[in-house]
Amino acid sequence: MVGGGPAGLTAAIALAGAGVPTALIAGRAGRGDNRTTALLAGSVSALDALGVWPRCRAQAAPLRTMRIVDDTDRLWRAPEVRFEAGEIGLDAFGWNIENRHLVAALRARAAEVAELRRIDEEARAVAIGDDRVTVALAGGAELAAKLVVAADGRRSICRAAAGIETDSRSYPQTALTFNLGHAREHRDISTEFHTAHGPFTLVPLPGARSSLVCVVAPSEAERIEQLDPAALDEEIERRGHSILGKVAVEPGHGAFRLGAETARRFAARRIALVGEAGHVIPPIGAQGLNLGLRDAATIGELAVAARRDGADVGGARLTDEYDRRRRPDVRSRTAAVDLLNRTLLSDFLPAQSVRGLGLYVLDRIGPLRRAMMREGVTPRLAEPRLMRGEAL
Ligand SMILES: Cc1cc2nc3c(=O)[nH]c(=O)nc-3n(C[C@H](O)[C@H](O)[C@H](O)COP(=O)(O)OP(=O)(O)OC[C@H]3O[C@@H](n4cnc5c(N)ncnc54)[C@H](O)[C@@H]3O)c2cc1C
């Protein structure tokens, strides 16, 4: 396993926890960032089954209602759409948590798993042979394995070693991330304002706090980053139409240029891509890490089954099956996020009307809305066992 981000840690715990001897080449601890993750219900079930969730549940806030508000000023404006978790029999669609708490809980759990050895070094080179992969570490040592799970992020050296190419696209947008305190209660409601430059999404955190992802044009992002604290509070409150009352933005923020990148295969030559090594998608609709956790659960399930059957863990049968199982989930979500983002950015009237009509239909037709909610939380196409809370 290469990469000690949230996707790699989850895959390592899943594999080692099921008895597969695993080395996690975690790299050096990176610079912390202030991102949060809205973990959908299936991801929470998986983290619970892996013994991670009890360690961080108290730092997560439930998402019981999701609102989409058209804030575009355009001719075709969509109605406000509200999704209630109770409508599909769930207590919450998911839970929002700061990445630093999630990663701390994953690291603490990883330290307890007997079959897991964590190495805090970088992988420098990856050489693929017929029956094993050899990874050279920065300190000079080498490790060999039948299968390498590549969770080494968007510039994955494992993916490059396997010769897997990617398709990428960039968007004229920057996502700014902030955390903030506010005067009014959020009442477990997440609100996404759709503006002509991208979404402005407030997601509850425990107490009277929320996280914010504000997607704007890059020049506008630079302007906002320069604001002094009082002006920033005002700017954010204005953009959020004061729905949370007075806001106080906490120190520190993140800035991410938006892009999408998808591997052409999700596994080949004893390398299986997990998390952003396989797919990067814009932070719209909380899909990125939820996909990464489904990758982790799927590779765990396949490797444990192959080992139990005495098959080659890492052989073509396993990598082909992994690719087959992850492809529809990753591709359909990447396409949906791309379409939504492009109809937002488009000045083209038919594109705006398609988005408006889509939201109108969702607002009015209960069964369709419920089907979409269910698919968003637990995808039919790709539900590994861990997402149903079952052990591997
Ligand atoms: C603004 C924003 C908001 C988001 N919100 C959500 C959300 O609400 N819900 C959601 O599901 N997703 C969300 N995402 C996506 C989510 O943050 C990412 O999918 C997730 O962080 C990726 O995790 P990862 O483990 O795949 O990659 P990373 O976190 O990038 O981890 C890769 C790790 O590999 C290590 N590494 C790299 N190279 C090497 C090497 N050679 N040797 C050893 N280690 C190496 C790195 O140090 C790093 O620790 C958001 C993303 C953004 C930008």
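As a reminder, the structure under discussion sits directly above these lines.
Reference entry: report on the structure contained in this document. (Residues numbered from 1 in each chain as written. Predicted model: local features only at pLDDT ≥ 70, side-chain atom pairs only at ≥ 80, totals over all residues. Heavy atoms only, no water.)

**Brief notes about the pattern of salt bridges**
On inspection of all chains with the given rule, the structure shows 37 salt bridges. Of the charged contacts, one joins Glu 261 and Arg 159 as a salt bridge, the two residues approaching to 3.9 Å between their closest N and O atoms. With Glu 261 in strand β17 (residues 254-263) and Arg 159 in helix α4 (residues 157-161), the pair connects residues that are 102 residues apart, well separated along the chain. Looking at Arg 159, the relative accessible area reads 9%, which means it is buried. Between Arg 388 and Glu 383 there is a salt bridge, and its shortest N-O distance comes to 3.7 Å. For Glu 383, a relative accessible area of 28% translates into the label partly exposed. Each of the salt bridges in this network shares a partner with another, and the network as a whole consists of Glu 220, Arg 223, Glu 235, Arg 238 and Arg 239. (Salt bridge = Lys/Arg side-chain N within 4 Å of Asp/Glu carboxyl O. Helix = DSSP H or I, 4+ residues; strand = E, 2+ residues; numbered from the N terminus. Buried < 20%, exposed > 50% of the residue type's maximum accessible area, 1.4 Å probe, protein only.)

**A look at the sheet that holds strand β10 (residues 142-145)**
Taking strand neighbours across the sheet as the criterion, the three strands line up as β8-β9-β10 in an open arrangement whose pairing is antiparallel. Strands at the two margins of the open sheet, each flanked by one partner only, are β8 (123-128) and β10. Looking at each pair of strands side by side, their axes are set apart by 20° on average, direction ignored. (Pairing = 2+ DSSP bridges. Axes fitted to C-alpha atoms, helices over the stretch in contact; angles between N-to-C directions.)

**Description of the site of the ligand**
Within the structure, the ligand sits among 30 residues, and Arg 35, Ala 123, Glu 276, Leu 289 and Asn 290 are positioned closest to it. Contact distances for the ligand include 3.0 Å between an oxygen atom and a backbone N or O atom of Ala 7. Arg 35 places a polar side-chain atom, nitrogen or oxygen, 2.9 Å from an oxygen atom of the ligand. For the ligand, the protein covers 84% of the area, taking 1,000 Å² as the surface of the free molecule. Those elements giving two or more residues to the shell around the ligand turn out to be α1 (6-17), β2 (36-40) and α7 (288-308). Residues belonging to the shell around the ligand are distributed by class as follows: 13 nonpolar, 12 polar and five charged. (Near = heavy atom within 4 Å. Polar contact = N/O pair within 3.5 Å; in protein donor to acceptor, adjacent residues only side chain to side chain. Areas by Shrake-Rupley, 256 points an atom, 1.4 Å probe, with all protein chains shown as cover. Nonpolar A, V, L, I, M, F, W, Y, C, P; charged D, E, K, R; others polar.)

**Thoughts on the nonpolar core**
If you look at the biggest cluster of nonpolar residues, it comprises 75 residues, and the most contacted ones within it are Ile 271 and Ile 299. Ranked by residue count, the leading element in this core is α7, at 10 residues. What Ile 271 contacts, discounting residues up to four positions off in sequence, is Val 126, Ile 128, Val 133, Val 148, Ala 150, Cys 158, Ala 162, Phe 266 and Thr 319. Formed by 17 residues, the second largest nonpolar core is a distinct cluster that contains Leu 176, Leu 212, Cys 214 and Leu 232. (Core = buried A, V, L, I, M, F, W, Y, C linked by side-chain atoms within 4.5 Å. Contact = heavy atoms within 4.5 Å.)

**Considering the packing of aromatic side chains**
All told, the structure shown has two aromatic pairs when counted by the stated rule. Taking the centre distance of 6.0 Å and the plane angle of 70° together, the rings of Trp 53 and Trp 95 count as edge-to-face. Placement of Trp 53 in the loop between α2 (41-49) and β3 (61-63) and of Trp 95 in strand β6 (residues 94-98) is noted, with a sequence separation of 42 residues between them. In this pair, the class of Trp 53 matches that of Trp 95, namely buried. Between Phe 193 and Phe 200 the ring centres are 6.1 Å apart and the planes differ by 55°, which places this aromatic pair in the tilted class. Phe 200 shares its class with Phe 193; the two are buried. (Phe/Tyr/Trp six-rings, centres within 6.5 Å; stacked < 30°, edge-to-face > 60°.)

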